[in-house]
Amino acid sequence: MKIVLAPMDGLTDAYAREILTAIGGYDLCVTEFLRITNTLFPTRVFYRRFPELNINPDSGQKISHTKSGTPIFLQLLGSDNSAMADNAAKAVSLGAEGIDLNFGCPAKTVNRRDGGASLLKFPDRINQLVYSVRQAVPANIPVTAKMRLGFDDQSLAHDNAQAIQDAGADWLTIHARTKKDGYRPPAYWDALAPLADQLTIPIIANGEVWSVDDYYRCKERSHCSSIMLGRGAMVTPDLALQIKNALDDKSTPQLSWPEMCQMLDKLYQLMIHNSALNERYVAPRLKLWVKWLMANFSQAEAIFPELKRIKDPHQAIELIRLSQDL
Ligand SMILES: Cc1cc2nc3c(=O)[nH]c(=O)nc-3n(C[C@H](O)[C@H](O)[C@H](O)COP(=O)(O)O)c2cc1C
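Residues numbered from 1 in each chain as written. Predicted model: local features only at pLDDT ≥ 70, side-chain atom pairs only at ≥ 80, totals over all residues. Heavy atoms only, no water.

A.B. asks: Quick one: what's the story with the layout of surface pockets, residue by residue and with numbers?
C.D. replies: The method is simple in principle: a probe with the dimensions of a water molecule rolls over the atoms, and the space it marks as empty is what remains. Size it by volume and the largest pocket reaches roughly 660 Å³. Along its surface, the largest pocket is lined by 21 residues, and Ala 14, Tyr 15, Arg 48, Pro 51 and Asn 274 are the ones closest to its centre. Of all the secondary structure elements, the ones that give two or more residues to the lining of the largest pocket are α1 (14-23), β2 (28-35) and α2 (43-49). Tallied by class, residues from the lining of the largest pocket come to 10 nonpolar, two polar and nine charged. Each of two domains, domain 1 (3-247) and domain 2 (257-325), supplies a minimum of three residues to the lining of the largest pocket. In terms of lining, the second largest pocket is formed by 30 residues, of which the most central are Pro 7, Met 8, Lys 146, His 175 and Tyr 183. By residue class, the composition of the lining of the second largest pocket is 15 nonpolar, eight polar and seven charged. (1 Å grid on protein atoms, 1.4 Å probe; cavity = no way out; pocket = protein on both sides within 12 Å on 5 of 7 lines; lining within 4 Å. Points joined across faces, edges and corners; volume = space filled by probe spheres on them. Helix = DSSP H or I, 4+ residues; strand = E, 2+ residues; numbered from the N terminus. Nonpolar A, V, L, I, M, F, W, Y, C, P; charged D, E, K, R; others polar. Domains from an automatic or database assignment.)

Rendered as structure tokens:
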């Protein structure tokens, strides 16, 4: 059973990956998508999306892990077979431990340019893309895919999943909604069950898992024991740990607001000590996470109206630090 931290553009960057995997429970992270057009990106583009890229110079072993040792796959989004293959091969040569392919992004700008979920209308093209990338990277490097149940409806869900399996993918994550469903609840966990039953590669369920109880319900209805956590990881940063502990019959002490403040302080320190990072990035990041935490912590709700007006990162973290006693 694996718990994967979801790729979420603008949320699960290297800082969030480091914070969340340090709390524990995650077996794997997938980067936010890197959009491929028809060119081979220069090296710096890969490091910008995936600063953890690393190779042991002596052994040549790929060590693109978070600081706590969780491996990270690079997610690519695009529709040009050879450009996807070339960029995947380059990422692997730089140290990526696996390549994940995005067939789920609902964004209009992406879909208009023939990428993400729009490809779900064409199982053959999905098959060719996965196959091209599979052929371009060494056999010991996993190539995986993430899809939705369909574009407008679920009618091609099986064909797409089968196309991905036939092309040689190692596993498949399915966000249990169509593109048309957007992010509206519910997630259709039951629709994953026939796919999990019929396919031979592992299926990882994704969508609307916010609690340990959701995990158990999703597992029962989807027939998938592995899970990818997205927004639930932002709202409940120890959700993966809670699920792993529950499976081991262990309880997880509830995270307190002072612990959340320490987590945000760590996020602040990581960002502020990165000289390559524009300082303007820091306060919005802190605000965004506090906003997610409002679902669970009244203290987050109490400080947010003031926090959202602050632009200076030092003032933002000071307000968060002071709230520890609330
Ligand atoms: C802000 C945001 C950005 C996202 N970016 C990506 C992305 O880069 N690649 C991807 O495959 N999915 C992306 N997703 C979808 C998530 O990975 C996940 O499939 C979705 O949020 C459903 O899971 P959840 O209910 O656990 O959040 C994004 C979702 C959100 C909310």
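A.B. asks: Describe the packing of helix α8 (residues 212-222) against helix α10 (residues 239-247), listing the residues and the values that go with them.
C.D. replies: Close contact between α8 and α10 brings their axes to 9 Å; oriented N to C, the two are set at 65°. In this structure, the crossing between α8 and α10 has a hand that is right-handed. Between α8 and α10, the contacting residues are Val 212, Tyr 215 and Tyr 216 on the first element and Leu 239, Gln 242, Ile 243, Ala 246 and Leu 247 on the second. (Axes fitted to C-alpha atoms, helices over the stretch in contact; angles between N-to-C directions. Left-handed = near helix turned anticlockwise from the far one by under 90°. Contact = heavy atoms within 4.5 Å.)

A.B. asks: Hey, could you go over the site of the ligand for me, with residue numbers and the actual values?
C.D. replies: Around the ligand, a shell composed of 18 residues is seen, among which Asp 9, Gln 75, Asn 206, Glu 208 and Arg 231 lie nearest. In the model, an oxygen atom of the ligand is placed 3.4 Å from a nitrogen or oxygen of the His 175 side chain. Residue Asn 206 places a side-chain N or O atom 2.5 Å away from an oxygen atom belonging to the ligand. Where the shell around the ligand is concerned, the elements lending two or more residues are β2 and β6 (171-178). (Near = heavy atom within 4 Å. Polar contact = N/O pair within 3.5 Å; in protein donor to acceptor, adjacent residues only side chain to side chain.)

A.B. asks: Before we move on, could you go through the pairing of strand β5 (residues 143-150) and cite the residues and values that matter?
C.D. replies: Among the eight residues of β5, eight are classified as buried, and the element is accordingly described as predominantly covered. Direction of pairing for strand β4 (residues 99-103) relative to β5: parallel, over a ladder of five bridges. Its bridge partner lying in β5, Ile 99 is registered against Val 143. In this sheet, β6 lies alongside β5 in parallel orientation, the contact comprising six bridges. From the neighbouring strand, Gly 150 faces β6, where its bridge partner is Thr 178. Traced from β5 through helix α6 (residues 157-166) to β6, the parallel crossover comes out right-handed. (Buried < 20%, exposed > 50% of the residue type's maximum accessible area, 1.4 Å probe, protein only. Pairing = 2+ DSSP bridges. Right-handed = clockwise from strand over helix to strand, strands pointing away.)

A.B. asks: Describe a nonpolar patch on the surface, listing the residues and the values that go with them.
C.D. replies: The grouping of Met 1, Tyr 216 and Leu 247 at the surface amounts to a nonpolar patch, some 250 Å² of accessible area in total. By the secondary structure assignment, Leu 247 is in helix α10. (Patch = residues over 30% accessible without salt bridge, like charges linked within 9 Å, V, L, I, M, F, W, Y side chains within 5 Å. Areas by Shrake-Rupley, 256 points an atom, 1.4 Å probe, with all protein chains shown as cover. Salt bridge = Lys/Arg side-chain N within 4 Å of Asp/Glu carboxyl O.)

A.B. asks: Which residues make up the pattern of salt bridges, and what values go with them?
C.D. replies: Side chains bearing opposite charge may pair, as long as their charged atoms lie close to each other. Taken as a whole, this structure holds 13 salt bridges when the rule is applied. One salt bridge in this structure joins Asp 13 and Arg 285, with 2.3 Å as the shortest N-O distance. Here Arg 285 lies in helix α12 (residues 282-293) and Asp 13 lies in the loop between β1 (3-5) and α1, a separation of 272 residues in the sequence. With a shortest N-O distance of 2.9 Å, Arg 134 and Asp 170 are connected by a salt bridge. Within this pair, whereas Arg 134 is found in helix α5 (residues 123-136), its partner Asp 170 is found in the loop between α6 and β6, the two being separated by 36 residues in sequence. The class of Asp 170 is partly exposed, set by a relative accessible area of 29%. Within this structure, Asp 9, Glu 32 and Arg 49 form a network of salt bridges that share partners.

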